[in-house]
Amino acid sequence: MYNPPPVIGAAPRIPQGFQHGPWGHFLTTVAEFEIKYHQFLDAEGRLREPAPALARDPAELIKMYRLMTLVRTFDGKAVNLQRTGKLGTYASCLGHEATHVGVGAAMRPDDVLAPVYREIGTQLWRGVKLSEILIYWGGDERGCDFSVPRQDFPWCIPIASQMLHGAGVAMAFKIRGEARCSVTYVGDGGTSEGAFYEGINLAGARALPAVFIVVNNRWAISVPIESQTATRTLAQKAIAAGIPGVQVDGNDVIAVRHVVAEALDRARSGQGPTVIEALTYRLGDHTTADDASRYRPAGELQEAWQQEPLLRIRAFLKKSGAWDDRREEELNADCARHIAAAVDHYLSAPQPTTDAMFDHLFAKPTRNLLQQREVARHYADKH
Ligand SMILES: Cc1ncc(C[n+]2csc(CCOP(=O)(O)OP(=O)(O)O)c2C)c(N)n1
Ligand SMILES: [Mg+2]
């Protein structure tokens, strides 16, 4: 064990806030931080006071609950479409509905979203169509050409690369003097990537109008959060970039919307970026190409279902008299109709030609790509 050298002479008086180090010299605390956790609605749907005004606005809460229900129903349908060979692959958002809808509801239409691959709730709130989501996951990139919102980014599969897009967009807003913000998603696994730190570093250094939402769903495919990092929270990674980091219960739609709205207000008024860690759980498989039962303890999944986001907001709305079983039935029928129409539209949409794979890669395609396009045309004609 290391033995510090003895202190020679009388011990000096220690000024307030100073401590002795191993050599008897003064140590000064130069930085301290704490991470706050926000929750208003607990798993039983009980409201913690004081709560934001949003908690007393049934019309807004119902709007969010309706979309959460639509997302939940659509998600199940999309998995079934994949299982029956009608969709290429699909990344379920089961369990993430409060985070995704809460973020969407906090944003303004002219903000810009940089999503990953499961943030359907945010996209739908912003105007993306269910049929566009199906078209994309059916393997047709035209599904990313959203009719609304035109300036949002498409899905982003290379993990954490969207952090740079989000920071870059926020820099453009700042340079142009526009009161707009970028909102960028990243997963718990994504926060281990270099691009995560590069994105938050730039945002911190330039005080950019950016909000980064870390969706901590406890898994990165088969890697649990415990193996992903030694940090106690992912929000504290923000501290290294000199920007605030907060945690929010990602299953509480009121808290998510409130915390994100506050961060966006700060960003819009020139006070810089925020990292928000939303604590939730991936109730489904990673994608339809995964089988989580091979690596995830069943008990953990059962426990997570007790915390899921729809239960609590529904219970809260029912208790406050704003919701009942009749409305729930009507909502379910509405969702089924809306989804059936989107599926019909998707299934009857004309298939893209093989040229589509090459269309938007470069303004002027390279010689190699032109050759590959010819080969693809040849096989398309044959089959
Ligand atoms: C740069 C990069 N490396 C690896 C992959 C393969 N990959 C796809 S999803 C994923 C895990 C991501 O986990 P997380 O960030 O927690 O997001 P989640 O899927 O849980 O939403 C990995 C490693 C990828 N898409 N991009
Ligand atoms: Mg994850």
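All of the points below concern the structure found in this document. Quick caveat: nothing in here was measured; it's all calculated off a predicted structure. (Residues numbered from 1 in each chain as written. Chains lettered and ligands numbered in written order. Predicted model: local features only at pLDDT ≥ 70, side-chain atom pairs only at ≥ 80, totals over all residues. Heavy atoms only, no water.)

## Topic: the overall build of the chain
Next up, step 1: A tally of helices and strands in the chain yields 13 helices and 10 strands.
Next up, step 2: Considering only C-alpha atoms, the chain reaches an extent of 90 × 65 × 50 Å along its principal axes.
Next up, step 3: Going through the 383 residues of the chain one by one, you find that 48% of them count as buried.
Next up, step 4: Sequence separation of at least 24 residues holds for 69% of the intrachain contacts in the chain that already meet a minimum separation of 6. (Helix = DSSP H or I, 4+ residues; strand = E, 2+ residues; numbered from the N terminus. Buried < 20%, exposed > 50% of the residue type's maximum accessible area, 1.4 Å probe, protein only. Contact = heavy atoms within 4.5 Å.)

## Things to note about the coordination of the magnesium ion (ligand 2)
Metal coordination angles have textbook ideals: 109.5 degrees for a tetrahedral set of four donors and 90 or 180 degrees for an octahedral set of six.
Next up, step 1: Surrounding the magnesium ion (ligand 2) are the protein donor atoms Asp188 (OD), Asn217 (OD1) and Trp219 (O), at 2.1 to 2.4 Å.
Next up, step 2: Sequence spacing of the donors to the magnesium ion (ligand 2): D-x28-N-x1-W. Considered together, Asn217 and Trp219 belong to a single accessibility category, that of buried residues. (Donors = N, O, S within 2.8 Å, 3.2 Å for Na, K, Ca; no water.)

## With respect to the packing of helix 2 (residues 97–106) against helix 8 (residues 253–268)
Next up, step 1: One can describe the packing of helix 2 onto helix 8 by two numbers: an axis separation of 8 Å at closest approach and a directional angle of 40 degrees. Taken as axis vectors, helix 2 and helix 8 run oblique relative to one another. Seen along the crossing, helix 2 lies across helix 8 with a hand that is right-handed. Facing Ala98, Thr99, Gly102, Val103, Ala105 and Ala106 of helix 2, the residues of helix 8 in contact are Val253, Val256, Arg257, Val260, Ala261 and Leu264.
Next up, step 2: Broken down by class, the residue content of the contact of helix 2 with helix 8 amounts to 9 nonpolar, 2 polar and 1 charged. (Axes fitted to C-alpha atoms, helices over the stretch in contact; angles between N-to-C directions. Parallel < 35°, antiparallel > 145°, perpendicular 65-115°, else oblique. Left-handed = near helix turned anticlockwise from the far one by under 90°. Nonpolar A, V, L, I, M, F, W, Y, C, P; charged D, E, K, R; others polar.)

## Let's talk about the site of ligand 1
Next up, step 1: Near ligand 1, the surroundings consist of 15 residues, among which Tyr117, Arg118, Gly189, Gly190 and Trp219 are the closest.
Next up, step 2: Here Arg118 contributes a side-chain N or O atom positioned 2.7 Å from an oxygen atom of ligand 1.
Next up, step 3: In the environment of ligand 1, an oxygen atom lies 2.8 Å from a nitrogen or oxygen atom belonging to the backbone of Trp219.
Next up, step 4: Protein chains bury 69% of the 580 Å² of accessible surface belonging to ligand 1 in isolation. (Near = heavy atom within 4 Å. Polar contact = N/O pair within 3.5 Å; in protein donor to acceptor, adjacent residues only side chain to side chain. Areas by Shrake-Rupley, 256 points an atom, 1.4 Å probe, with all protein chains shown as cover.)

## Concerning helix 8
Next up, step 1: Along its 16 residues, helix 8 runs 22 Å from first to last C-alpha, staying within 8% of the 22 Å computed at 1.5 Å per residue.
Next up, step 2: Along helix 8, the positions that sit buried rather than exposed are Val253, Ile254, Ala255, Val256, Arg257, Val259, Val260, Ala263, Leu264, Ala267 and Arg268.
Next up, step 3: A positive backbone phi angle near 85 degrees is found at Gly270, which sits one or two residues after helix 8. (Expected span 1.5 Å × (residues − 1).)

## Overview of the sheet that holds strand 4 (residues 112–114)
Next up, step 1: Strand order in the open sheet formed by 6 strands is 3-9-10-6-5-4, with parallel pairing between adjacent strands. Here the strands that pair on one side only, and so sit at the sheet edges, are strand 3 (37–38) and strand 4.
Next up, step 2: Bridge count for strand 4 against strand 5 (residues 182–187) is 3 bridges, and the pairing is parallel. Bridging across to strand 5, Val112 finds its partner in Ser182.
Next up, step 3: Taken strand by strand, helix 2 contacts strand 5, strand 6 (210–216) and strand 10 (274–279), and its axis lies near 165 degrees from that of strand 5.
Next up, step 4: Packing against the sheet, helix 8 makes contact with strand 3, strand 5, strand 6, strand 9 (245–249) and strand 10, and its axis sits at approximately 155 degrees to strand 9. (Pairing = 2+ DSSP bridges.)

## A few points about the pairing of strand 6
Next up, step 1: Burial of strand 6 is extensive: 7 of the 7 residues sit out of reach of the surface.
Next up, step 2: Residue alternation in strand 6 divides its side chains into two sets, Ala210, Phe212, Val214 and Asn216 and Val211, Ile213 and Val215, and both sets are buried.
Next up, step 3: Regarding the hand of the β-α-β motif, the stretch spanning strand 5, helix 6 (residues 194–205) and strand 6 is right-handed.
Next up, step 4: Pairing geometry for strand 6 and strand 10, over 6 bridges, is parallel. Looking at the pairing, Asn216 lines up with Leu279 of strand 10. (Right-handed = clockwise from strand over helix to strand, strands pointing away.)

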